[in-house]
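Architecture and fold: a report
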Amino acid sequence: MLSYLCAATPALYILWIAMAAQAAGQEDREKTTALKDLLSRIDLDELMKKDEPPFTFPKTLEEFEYAFNEHGQLRHTKTGEPFVFNAREDLHRWNQKRYEALGEIITQYVYELLEKKCNMTKAFLPVDSTEDEPTSFIYLSPDALSNPSKLLVLIQGSGVVRAGQWARRLIINQDLDSGTQIPFINRAMEDGYGVMVLNPNENYLEVEKPAKSSPLPSPTEPSDEPAEKRERKDDKEGKKKREFYEKYRNPQKETETERIPIRENGSSEEHVLYVWDHFVSKAAAKNVFIMAHSYGGLSFVELMNQREMQVKNRVCAVALTDSAHNIWLQETSKGTQDWMQQHCYNWVSSAEPLDTPLESMLPDCPRVSAGTERHELTSWMSFMSIFRFFSEALEAKEDEAAEETPNTVTTRSSSLKNRHQDL
């Protein structure tokens, strides 16, 4: 009997192990099932969403904890680091709103520099505006209208930039010299120019829309759209809204606004034409010089289309930087094209060294390299060359007046072109 039990013990032991393993497996399966059931009740997408912070931002550079150092660079007042766009990870919309809020502060900061450092004053537009209508403004140096010799007119490109700025990105990420027009203003004043700083992007007053309830659709009103097409349209719009807000658990609602256009200044082209008619044409300067960046070049060409003879009689030279104009699309006259070939230069983004002549794709102004491939830097990189070009243009005009010969026009044009090609 004892020998029988001894022989049976290994078999019982093996059976016990098998039963224990089976029980453990059953327990694991029950746990796995319970976990799956729990996960099925959780919206993982909802769990991954973030709470979008309110769009409430500081109102001053000090509150932002940023300041411009002695080199004109924007730096954090505590860490000394440059501006960081992604202040909060995976919250791009909030980061963008924060950047825009800082940009508005930068705009006011540049206005202060124009007034305090450059001694410029605002002139409001329209000149006959009433108290109830929206207005814009430009900046004038003390002698902008009275300087008898030279007047420099600065026209920026399109976008969020306002008077005194070339590129907000450069002001925030690089420095004030490269991103603002202040170096051009200071140099012009040192060289005896009056200065006008235009504001072609200040085209409207933005006001908050009054809250109103949406009218209920009339059930009897027939629709020309097929029901299937309406459903696809509704599904598409609903999908856009879901995709826009899917990252946030409580997305912030943006204030709905409407824009009230500024009379006779509702676009960059209208603004440039208005300032010409009411300020530049009335200035005392015998020699008007224009510098225009990007879309400002298009606005200048449109000015020529509208006031061709006036521009030809008053403007001595025009410096463009990466201009957006197109003489074919803008339908410029042959006379305008010929005049631009003799009196304009366009410094364009290029990997070639500064002032290297480049092939012109259209029969208008000669194109030369700005010495940079970055569009927003073309004005700053061409700084010295532009003022040298202006000096040569004025010298050529004075030489023409001194010679007083029948072929003075061709003498001036060829002289100006030859001198600039020697740069």
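Residues numbered from 1 in each chain as written. Predicted model: local features only at pLDDT ≥ 70, side-chain atom pairs only at ≥ 80, totals over all residues. Heavy atoms only, no water.

The protein chain appears in an unreviewed UniProt entry as ARB2 cotranscriptional regulator A from Lates calcarifer.

1. Focus: helix H10 (residues 295–306)
Here H10 contains twelve residues, and its C-alpha end-to-end distance of 17 Å stays within 8% of the 16 Å for a straight helix at 1.5 Å per residue. Those residues of H10 lying buried are Gly 296, Gly 297, Leu 298, Ser 299, Phe 300, Val 301, Leu 303 and Met 304. (Helix = DSSP H or I, 4+ residues; strand = E, 2+ residues; numbered from the N terminus. Expected span 1.5 Å × (residues − 1). Buried < 20%, exposed > 50% of the residue type's maximum accessible area, 1.4 Å probe, protein only.)

2. Overview of the sheet that holds strand E4 (residues 136–140)
One key point about sheets: their strands pair by backbone hydrogen bonds, in either a parallel or an antiparallel sense. With mixed pairing, nine strands are arranged side by side in an open sheet as E3-E4-E6-E5-E9-E10-E11-E13-E12. Both outer strands of the open sheet, strand E3 (121–125) and strand E12 (357–358), are each paired with one neighbouring strand and no more. Bridge count for E4 against strand E6 (residues 193–197) is two bridges, and the pairing is antiparallel. Bridging from a neighbouring strand, Tyr 139 pairs with Val 197 of E6. The sheet strands contacting helix H9 (residues 268–278) are E3, E4, strand E5 (150–155), E6 and strand E10 (315–321), and the helix crosses E3 at an angle near 110°. This element, helix H14 (residues 383–403), spans E5, E6, strand E9 (287–293), E10 and strand E11 (344–348) of the sheet and lies at about 160° to E10. (Pairing = 2+ DSSP bridges. Contact = heavy atoms within 4.5 Å. Axes fitted to C-alpha atoms, helices over the stretch in contact; angles between N-to-C directions.)

3. Remarks on the side chain of Asp 364
When you line up the elements, Asp 364 lands in the loop between E12 and strand E13 (367–369). Nearest to the buried, unbridged Asp 364 among oppositely charged side chains is Arg 367, at 6.8 Å. (Lys, Arg positive; Asp, Glu negative; His and termini not counted. Salt bridge = Lys/Arg side-chain N within 4 Å of Asp/Glu carboxyl O.)

4. Comments concerning the environment of Leu 125
Within the secondary structure layout, Leu 125 lies in strand E3. Taking relative accessible area as the criterion, Leu 125 reaches 0% and is therefore assigned buried. For the pair Leu 125 and Ile 262, spaced 137 residues apart in sequence, the C-alpha separation works out to 8.3 Å.

5. Some thoughts on the nonpolar core
Ranked by internal contacts, the top residues of the largest apolar core, which has 52 residues, are Leu 152, Leu 154, Phe 289 and Phe 390. Examining the composition of this core, we find that ten residues originate from one element, helix H4 (residues 92–116), more than from any other. Ignoring sequence-local partners within four residues, the contact set of Phe 390 consists of Leu 152, Tyr 193, Phe 289, Ile 290, Ala 317, Val 318 and Ala 319. One finds Leu 140, Met 196, Met 304 and Ile 327 within the second-largest nonpolar core, a separate group that totals 35 residues. (Core = buried A, V, L, I, M, F, W, Y, C linked by side-chain atoms within 4.5 Å.)

6. Points about the packing of aromatic side chains
In this structure the tally under the stated criterion is 22 aromatic pairs. For the ring pair Tyr 193 and Phe 387, a centre distance of 6.3 Å and an interplane angle of 80° mean the geometry is edge-to-face. Of this pair, Tyr 193 sits in strand E6 while Phe 387 sits in helix H14, and the two are 194 residues apart along the sequence. Comparing Tyr 193 with Phe 387 shows no difference in burial state: the two are buried. Where Tyr 345 meets Trp 347, the ring centres are 6.1 Å apart and the plane angle is 45°; that geometry is what we call tilted. Considered together, Tyr 345 and Trp 347 belong to a single accessibility category, that of buried residues. What links up through ring pairs into an aromatic cluster is the set Trp 166, Phe 184, Tyr 193, Phe 289, Tyr 345, Trp 347, Trp 380, Phe 383, Phe 387, Phe 389 and Phe 390. Above the ring of Phe 55, the side-chain terminus of Lys 97 is found at 6.0 Å from the ring centroid. In this structure, Lys 122 is placed above the aromatic ring of Tyr 111, and the distance from its NZ or CZ to the ring centre is 5.5 Å. (Phe/Tyr/Trp six-rings, centres within 6.5 Å; stacked < 30°, edge-to-face > 60°. Lys NZ or Arg CZ within 6 Å of the ring centre and 35° of its normal.)

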